[in-house]
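Tertiary structure, described
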Amino acid sequence: MKEIAYRDWYRYEHAEFFRRPALPYVSMTFTLEAGRLRRWARARGVSFYLSLVWASQHVMDMREDFRWRIRGDRVALIDHPIPSFSDMTPGSELFKIVNVPINGDDMEAYARRARAVADAQTAYFPPPEEEARDDYTYFSSSPLAVFRSLTQPMDLTRDDCIPAIAWSRYYEENGRLLLPYAIQFNHRVVDGWHVARFINELQAYLDALE
């Protein structure tokens, strides 16, 4: 992890500009083509959801944009943010939040290990000291319905820089498997241009799956 003074950060002027709104957050929803990912996951008997968690974090880790965290008069560049994902408890309508670092896993290994960790976790939420950390990326899904836009819960603080990603149920259209994919971010840290570039790189990664 690298940490520097906030005033020395290359985005200092932009971060100060977007510090003015009470809530400097933006939500954007895109449509991914997910046919290759579904075939890939089914062929290996692993979770589509957890595979996309890994793929999203993997592509995000290749960029600095979403790994910056504002910490008062300092900013930190997180090396490997931890995927923090919601998971439905079997036989219940309640979910739990599961934090599973990637730790060098490839997509298949992560999907299997994260599934095992989630199944073994009995608590709905991690301890408060874990939830207070800022080195996460939040993931969730709404597999029962298709959404076209989404706003997620957020802290009423201008310094919260944890990206929140969610997707809905996929659907078929003209022979393509389409997946609404929403990302909520702090405009002090990234701009829409960075988000669109991330989405394009994630789509390219999914398109290259065999």
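Let me begin by describing the structure that accompanies this report. Remember, it's a predicted structure, so these values are computed and weren't measured experimentally.

Observations regarding the packing of helix H3 (residues 48-61) against helix H4 (residues 107-120)
For any two helices packed against each other, one specifies the inter-axial angle together with the distance between the axes. For the pair H3 and H4, interaxial distance at closest approach is 9 Å and the crossing angle is 125°. Relative to H4, the element H3 lies oblique. Our pair here, H3 against H4, has a crossing hand that is right-handed. Residues Leu50, Ser51, Val53, Trp54 and Ala55 of H3 touch H4, and the partners they reach there are Met107, Tyr110, Ala111, Ala114 and Arg115. Counted by class, the contact of H3 with H4 contains eight nonpolar, one polar and one charged residues.

Considerations on the pairing of strand E7 (residues 136-142)
Across four bridges, strand E5 (residues 82-88) lies against E7 in parallel orientation. Across the sheet, the residue bridging to Ile82 is Tyr136, located in E7. As paired strands, E7 and strand E8 (residues 164-168) are joined by five bridges and run parallel to one another. The partner of Phe139 across the bridge, within E8, is Ile165.

Regarding unusual backbone geometry
Positive phi outside glycine occurs at Asn103, with the angle close to 55°. Counting through the fold element by element, Asn103 comes out in the loop between strand E6 (95-99) and H4. Residue Asn103 is classed as exposed on the basis of its relative accessible area, which comes to 63%. One non-glycine residue, Asn174, lies in the positive phi region at around 55°.

What counts, and at which threshold
- Residues numbered from 1 in each chain as written.
- Predicted model: local features only at pLDDT ≥ 70, side-chain atom pairs only at ≥ 80, totals over all residues.
- Heavy atoms only, no water.
- Axes fitted to C-alpha atoms, helices over the stretch in contact; angles between N-to-C directions.
- Helix = DSSP H or I, 4+ residues; strand = E, 2+ residues; numbered from the N terminus.
- Parallel < 35°, antiparallel > 145°, perpendicular 65-115°, else oblique.
- Left-handed = near helix turned anticlockwise from the far one by under 90°.
- Contact = heavy atoms within 4.5 Å.
- Nonpolar A, V, L, I, M, F, W, Y, C, P; charged D, E, K, R; others polar.
- Pairing = 2+ DSSP bridges.
- Buried < 20%, exposed > 50% of the residue type's maximum accessible area, 1.4 Å probe, protein only.

Distances and angles like these do not, on their own, reveal function.
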